[in-house]
Amino acid sequence: LEGIDPEEAGVVVFAGFGLGRHVGLMAQRFGTAGLVLVVEPDLSLLKAVFSRIDFTGWFRDRNVCIVDSTDISEIHRRLTAREGLLTLGIRVVEHPPSRHRLEGVGVSLAAAMQEIASNARTGVITTLTRCVTSMENQLANLPHFSLGAGIEDLRGAAAGRPGHPAAGQAYAPTVKPGGSCSHT
């Protein structure tokens, strides 16, 4: 754990929770500036540890996330909205006492995290690239928006034209017996 610097990695991923001391140390070192992700598929171990040791401060004051699945789609779902941290770098660490118990999880987790980080970088780059185009479009349209007709000028512009197949009728969803939905 000594070689993990919060300035060099935005996310530290632990394969295995054990008693959680390593997670606590890293959470304290990262604070809210990074994310500590723990992949621990053994829910009975987590329940036993959490029933004896109080970790509520980690979840309240730090960015700690525990995932009980090694499925890449579940890990990716739990990391949604944390793409920025993922682009700062990821370190995957196998918890040595858990290595035998979680045979092979560390290696597959490293590959999964590399793919998730690559996807996050692509998403961030795409967003930044599209941001320039969006700003150009908004600035180009600024004269039309600021000098053009206001919303009041549109009053009655569609009078007499149906806006919905049931124009003039109330439009409310109705739940039918059996769970299907229809609109009336």
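Draft legend 1. Representation of the overall build of the chain. A count of helical and extended segments in the chain gives 6 helices and 6 strands. Helices (α) and strands (β) of the chain occur, in sequence order from the N terminus, as β-α-β-α-α-β-α-α-β-α-β-β. When the 184 residues of the chain are sorted by exposure, 28% land in the buried category. A fraction of 70% describes how many contacts in the chain between residues 6 or more apart in sequence connect residues 24 or more apart.

Draft legend 2. Focus on helix H6 (residues 105–147). Its 43 residues give H6 an end-to-end C-alpha distance of 60 Å, which sits within 8% of 63 Å, the value for a rise of 1.5 Å per residue. At Asn-141, H6 shows its maximal kink, close to 45°; a proline, Pro-143, follows between one and four residues later. Restricting attention to buried positions, one finds in H6 the residues Val-105, Gly-106, Leu-109, Ala-112, Met-113, Ile-116, Ala-117 and Ala-120. Against the buried residues of H6 lie strand S1 (11–15), strand S2 (35–39), helix H4 (72–78), helix H5 (83–87) and strand S4 (90–94).

Draft legend 3. Looking closely at the side chain of Ser-98. The topology assignment puts Ser-98 in the loop between S4 and H6. On the basis of relative accessible area, Ser-98 is assigned to the buried category, the value being 1%. A distance of 2.7 Å separates polar atoms of two side chains, one belonging to Ser-98 and the other to His-95.

Draft legend 4. Structural view of the sheet that holds strand S3 (residues 64–67). Read from one edge to the other, the open sheet built from 4 strands follows the order S3-S2-S1-S4, with strand pairing classed as parallel. Each end of this open sheet is capped by a strand with a single partner; those strands are S3 and S4. Pairwise comparison of adjacent strand axes, ignoring direction, gives a mean angle of 20° for this sheet. Direction of pairing for S1 relative to S4: parallel, over a ladder of 5 bridges. The residue bridging Phe-14 from the neighbouring strand is Val-93, located in S4. Its contacts with the sheet put H6 on S1, S2 and S4, and the angle it makes with S4 is roughly 170°.

Draft legend 5. Spatial organisation of the nonpolar core. By size, the foremost hydrophobic cluster in this structure holds 18 residues, and its most contacted members are Val-13, Leu-37, Ile-75, Leu-79, Leu-86, Leu-109 and Met-113. Elements that contribute at least two residues to this core include exactly S1, S2, S3, H5 and H6. A total of 5 residues in this core trace back to one element, the largest contributor, which is H6. Of all hydrophobic cores here, the second largest spans 17 residues; its members include Val-12, Ala-27, Leu-46 and Trp-58.

The rules behind the values
- Residues numbered from 1 in each chain as written.
- Predicted model: local features only at pLDDT ≥ 70, side-chain atom pairs only at ≥ 80, totals over all residues.
- Heavy atoms only, no water.
- Helix = DSSP H or I, 4+ residues; strand = E, 2+ residues; numbered from the N terminus.
- Buried < 20%, exposed > 50% of the residue type's maximum accessible area, 1.4 Å probe, protein only.
- Contact = heavy atoms within 4.5 Å.
- Expected span 1.5 Å × (residues − 1).
- Bend = angle between axes of the 7 residues up to and from the residue.
- Polar contact = N/O pair within 3.5 Å; in protein donor to acceptor, adjacent residues only side chain to side chain.
- Pairing = 2+ DSSP bridges.
- Axes fitted to C-alpha atoms, helices over the stretch in contact; angles between N-to-C directions.
- Core = buried A, V, L, I, M, F, W, Y, C linked by side-chain atoms within 4.5 Å.

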